[in-house]
Amino acid sequence: MTNQPVAFAPDAPFFADLPGNIAVSFEFFPPKSEAMDAQLWDAITQLAPLDPAFVSVTYGAGGSTRERTHATVARLVRDTALVPAAHLTCVGASRAEVDEIADRYWDVGVRHIVALRGDPPPQAGGSFVAHPDGYASAAELVAGLRRRHDFDVSVAAYPEVHPEAVSAQADLDNLKRKLDAGATRAITQFFFSTDAYFRFVDKALAAGISAPILPGIMPVTSFAGIRRMSGNTSIPAWLETMFAGLDDRPGPRALVAAVAAADLCRRLYAGGVRDFHFYTLNRADQAYAVCQLLGVRPKEPAA
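About the criteria used
Residues numbered from 1 in each chain as written. Predicted model: local features only at pLDDT ≥ 70, side-chain atom pairs only at ≥ 80, totals over all residues. Heavy atoms only, no water. Core = buried A, V, L, I, M, F, W, Y, C linked by side-chain atoms within 4.5 Å. Buried < 20%, exposed > 50% of the residue type's maximum accessible area, 1.4 Å probe, protein only. Helix = DSSP H or I, 4+ residues; strand = E, 2+ residues; numbered from the N terminus. Contact = heavy atoms within 4.5 Å. Axes fitted to C-alpha atoms, helices over the stretch in contact; angles between N-to-C directions. Parallel < 35°, antiparallel > 145°, perpendicular 65-115°, else oblique. Left-handed = near helix turned anticlockwise from the far one by under 90°. Nonpolar A, V, L, I, M, F, W, Y, C, P; charged D, E, K, R; others polar. Salt bridge = Lys/Arg side-chain N within 4 Å of Asp/Glu carboxyl O. Pairing = 2+ DSSP bridges. Right-handed = clockwise from strand over helix to strand, strands pointing away. Polar contact = N/O pair within 3.5 Å; in protein donor to acceptor, adjacent residues only side chain to side chain.

S.K.: Lay out the nonpolar core in plain terms, naming residues and giving numbers.
M.R.: If you look at the biggest cluster of nonpolar residues, it comprises 66 residues, and the most contacted ones within it are Phe26, Leu175, Phe276 and Phe278. For this core, the leading source of residues is helix 9 (residues 250-270), giving six residues. Leaving out residues up to four positions away in the same chain, leucine 175 has contacts with Val155, Ala156, Ala157, Ala186, Phe200 and Ile209. Ala85, Ile187, Val220 and Phe243 belong to the second largest nonpolar core, which has 18 residues in total.

The structure is reproduced here in structure tokens:
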């Protein structure tokens, strides 16, 4: 075989020399058992040294995890130095009930709420119906929270459009209503296309939205699981190819997932993104590995 000329390739690795000027945040869900509780707090303990801007705790469909979410958030306030953000939804509760929950969070020291319309419980057939005396939308919930207390409020955004939205413009208009009602930032649904994210941010800016829009990053712990959760999120063919044959090989799958997520973050970073929100699924290893590749290191304890 004769030698062939090759194109020049940079010698520096793709993840080399990142200055670590990145802010990260992590999402967890409340545990259902003692074993899951141990897994959750192991993940929190491992990720806490990375000094996240905040950590959020989800709220089940129809408010099904209300007490477990509150207990997890209260423990974060009590036992850690982390900034907890409690998810709160409109589903299945009156305004008085939601306000009472918000008051309880404020009383235990929670100052950050992730305000969501919320998913209806399975028995509702997948359709959201506002409680007769409740908040009818996330925008109404944001306004109610801001009237109640001086909460820092995050809301959801959908680079590839909420599946129930009548159009992309209507979805963007809804995001603007939430931010105009007093929300501080938006956190996106997970995605795998940087083009989708950057196009969405450009449209938001053109619509007069200047609040930060944090990209939500979901490392692929299970490709079948990602398919189930994707809804309106496009799954590119290259990603499917990357995970082909790994369903029953958790070790290699985890390595590939970390590299794929880090590659997505690196491309977002090249486009100017400096804040990343990781959906951890209560597992620390992949989020920690991605942060390592992005130059985020454990914060040195104060002398």
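Read on for the rest.
S.K.: Please provide a residue-by-residue account of the packing of helix 2 (residues 66-79) against helix 3 (residues 95-107), values included.
M.R.: A pair of packed helices can be characterised by two numbers: the angle between their axes and the separation between those axes. Packing of helix 2 against helix 3 brings their axes to within 10 Å, and their N-to-C directions diverge by 15°. Regarding the angle of helix 2 to helix 3, the classification is roughly parallel. Crossing geometry of helix 2 relative to helix 3 is assigned as right-handed. Mapping the contact onto sequence places Arg66, Glu67, Thr69, His70 and Val73 in helix 2 and Ile101, Arg104 and Tyr105 in helix 3. Taken together, the residues of the contact of helix 2 with helix 3 sort by class into three nonpolar, two polar and three charged.

S.K.: Could you give me a rundown of the packing of helix 1 (residues 34-47) against helix 2, with the residues and numbers involved?
M.R.: At a minimum axis separation of 13 Å, helix 1 and helix 2 run at an interaxial angle of 35°. Read as a crossing pair, helix 1 and helix 2 show a hand that is right-handed. Residues Asp37, Leu40, Trp41 and Ile44 of helix 1 lie in contact with helix 2, whose contacting residues are Thr72, Arg75 and Leu76. Within the contact of helix 1 with helix 2, the residues separate by chemical class into four nonpolar, one polar and two charged.

S.K.: Run through the pattern of salt bridges, naming residues and quoting values.
M.R.: Across all of its chains, the model carries 14 salt bridges by this definition. Salt-bridge contacts for arginine 267 lead to aspartate 263; the nearest nitrogen and oxygen are separated by 3.0 Å. Taken together, the positions of arginine 267 and aspartate 263, both in helix 9 and four residues apart, correspond to about one turn of that helix. Look at the salt bridges and you will find they share partners, linking Asp37, Arg75, Arg78 and Asp79 into a network.

S.K.: Lay out the pairing of strand 6 (residues 185-190) with the relevant residues and their values.
M.R.: Most of strand 6 is tucked away, with six of its six residues classed as buried. Pairing analysis gives four bridges linking strand 5 (residues 152-157) to strand 6, with the strands arranged parallel. Note that in strand 6 the partner of alanine 156 across the bridge is isoleucine 187. Considered for its hand, the β-α-β crossover made up of strand 5, helix 5 (residues 168-180) and strand 6 is right-handed.

S.K.: Talk me through the pairing of strand 5; I want residue IDs and the actual numbers.
M.R.: Among the six residues in strand 5, five count as buried, and that is most of the element. Here strand 4 (residues 112-116) runs beside strand 5; their pairing, made up of three bridges, is parallel. Its bridge partner lying in strand 5, histidine 112 is registered against aspartate 152.

S.K.: Help me get a handle on the environment of arginine 117, residues and values and all.
M.R.: Structurally, the position occupied by arginine 117 is in the loop between strand 4 and helix 4 (138-148). Measuring from C-alpha to C-alpha, the distance between arginine 117 and alanine 139 comes to 8.2 Å, with 22 residues separating the pair along the chain. Beyond its immediate chain neighbours, meaning those up to four positions away, arginine 117 contacts Thr89, Cys90, Val91, Phe128, Ala138 and Glu164. Among the polar contacts listed, one links the side chain of arginine 117 to the side chain of glutamate 164, at a separation of 2.9 Å.

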